[in-house]
Amino acid sequence: MTNSLKLAVFTDLDGTLLDHDTYSWNAAQPALDRLARQQCAVVLASSKTAAEILLLQDSMALSGQPALVENGSGLIGLVGTQGPRTYTALREILDLLPQTLRAHFRGFGDMSADDVSSLTGLSPKAAALARTRDYSEPGLWSGGEEELRTFCTALAQHGVSAQRGGRFLTLSFGRTKADAMTQVIHALKPDLTLALGDAPNDVEMLEQADLGVIVANPHHASLPLLAGERDGRIIRTRDPGPVGWNIAVNEILDRLFPE
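Cut-offs applied
- Residues numbered from 1 in each chain as written.
- Predicted model: local features only at pLDDT ≥ 70, side-chain atom pairs only at ≥ 80, totals over all residues.
- Heavy atoms only, no water.
- Helix = DSSP H or I, 4+ residues; strand = E, 2+ residues; numbered from the N terminus.
- Rg over C-alpha atoms; globule rule 2.2 N^0.38 Å.
- Areas by Shrake-Rupley, 256 points an atom, 1.4 Å probe, with all protein chains shown as cover.
- Salt bridge = Lys/Arg side-chain N within 4 Å of Asp/Glu carboxyl O.
- Buried < 20%, exposed > 50% of the residue type's maximum accessible area, 1.4 Å probe, protein only.
- Pairing = 2+ DSSP bridges.
- Axes fitted to C-alpha atoms, helices over the stretch in contact; angles between N-to-C directions.
- Contact = heavy atoms within 4.5 Å.
- Arc of directions from axis to C-beta.

A word on the overall build of the protein. Of the regular secondary structure elements, the protein holds ten helices and eleven strands. In terms of overall dimensions, the protein is globule-like: its C-alpha atoms have a radius of gyration of 18 Å, near the 18 Å expected for 259 residues. If one aligns the C-alpha atoms of the protein with their principal axes, the spans along those axes are about 60 × 35 × 35 Å. Surface summary for the protein: the accessible area is close to 11,900 Å², and the carbon and sulfur share equals 53%.

Bringing the pattern of salt bridges into the picture now. In this structure the tally under the stated criterion is 14 salt bridges. With a shortest N-O distance of 3.1 Å, Arg164 and Glu145 are connected by a salt bridge. On the criterion of sequence distance, the pair formed by Arg164 in strand E7 (residues 161-164) and Glu145 in helix H7 (residues 145-156) is long-range, its members being 19 residues apart. By relative accessible area, Glu145 is classed as partly exposed at 48%. When the shortest N-O distance is used, the salt bridge between Asp239 and Arg238 registers 3.8 Å. On the accessibility criterion, Arg238 (74% relative accessible area) is exposed. Within the structure, one salt-bridge network assembled from shared partners comprises Arg91, Asp95, Arg102, Asp110 and Glu137.

Strand order in this open sheet of seven strands is E4-E3-E2-E1-E9-E10-E11, and the pairing throughout is mixed. Taken across any chain shown, the strands that pair with only one partner, and hence form the sheet edges, are strand E4 (74-76) and strand E11 (234-240). Pairwise comparison of adjacent strand axes, ignoring direction, gives a mean angle of 20° for this sheet. By the bridge criterion, two bridges tie strand E2 (residues 41-45) to strand E3 (residues 67-69) in an arrangement that is parallel.

Attention now goes to the sheet that holds strand E8 (residues 169-172). Pairing between sheet strands relies on hydrogen bonds along the backbone, with the strands arranged either parallel or antiparallel. Taken in spatial order, the four strands line up as E5-E6-E8-E7 in an open sheet, and their pairing is antiparallel. Among the strands making up the open sheet, the edge pair consists of strand E5 (105-107) and E7. Neighbour-to-neighbour, the strand axes of the sheet open up by a mean angle of 35°, direction not taken into account. As paired elements, E5 and strand E6 (residues 137-141) share three bridges and run antiparallel to each other. Following the sheet pairing, Arg106 is matched in E6 by Leu140. The sheet contacts of H7 involve E5, E6, E7 and E8, and relative to E8 the element is tilted by about 15°.

With that settled, the discussion passes to helix H5 (residues 113-120). Taken together, the buried positions of H5 are occupied by Val116, Ser117 and Thr120. Angularly, the buried residues of H5 cover 100° about the axis, an arc narrow enough to put them on a single face. Summarising the geometry of H5, the exposed residues directed more than 90 degrees from the buried face are Asp114 and Ser118. Its buried side turned inward, H5 meets helix H6 (124-130). Phi turns positive one or two residues past the end of H5, at Gly121, with a value near 85°.

Here is the structure:
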């Protein structure tokens, strides 16, 4: 008789498992330790690059686990799941847009490592890793909402989509966290899935999981009411970041695997 994977946890990072300002996950360590004792998978799902995620996995004792990188445009930790790198093509399409639209989007490729460091609070070394992209382009939008709609429509004509995260507007060729999550679920075959996130680009992942947690983040507008909240399948935390993450995960584990 083989032991099946009891639970796979898919979690956003910035503003969810990581504190929005300090990038610390210390407050969530008790729940992470408990997940490790239960041999549950913890799948990091973020706009961060593979280089950034690998360092975080090592620090969190999650090395070797699958992870969703660049908002699901890439996937590491599973054999045969890495798609073609598309960053250069994405930047070329971006530069084809009318300058009246292009001028309002400042992507990581338009910034230096020092710019990214100042914008995010990352160290210069970490900011350099954040600019080492393969699949997607995060950036800041300085135009209005009507111009943004025109920008997104123009990109869509080239097969590029735009998603809002906790900090940035991220451009990609359409793969989402939920798409990569499906691949991981197919590979791991967990009995149950749990997803945690705080931003619009987490919504599909939250709705796809058996259980979802919207982690409070006072740094941006709250997510609208999701369908799964009506039946209690998706809940919200009162506390932000890793504090809220820790409380929510421990409460769920109390129900699933009381110690």
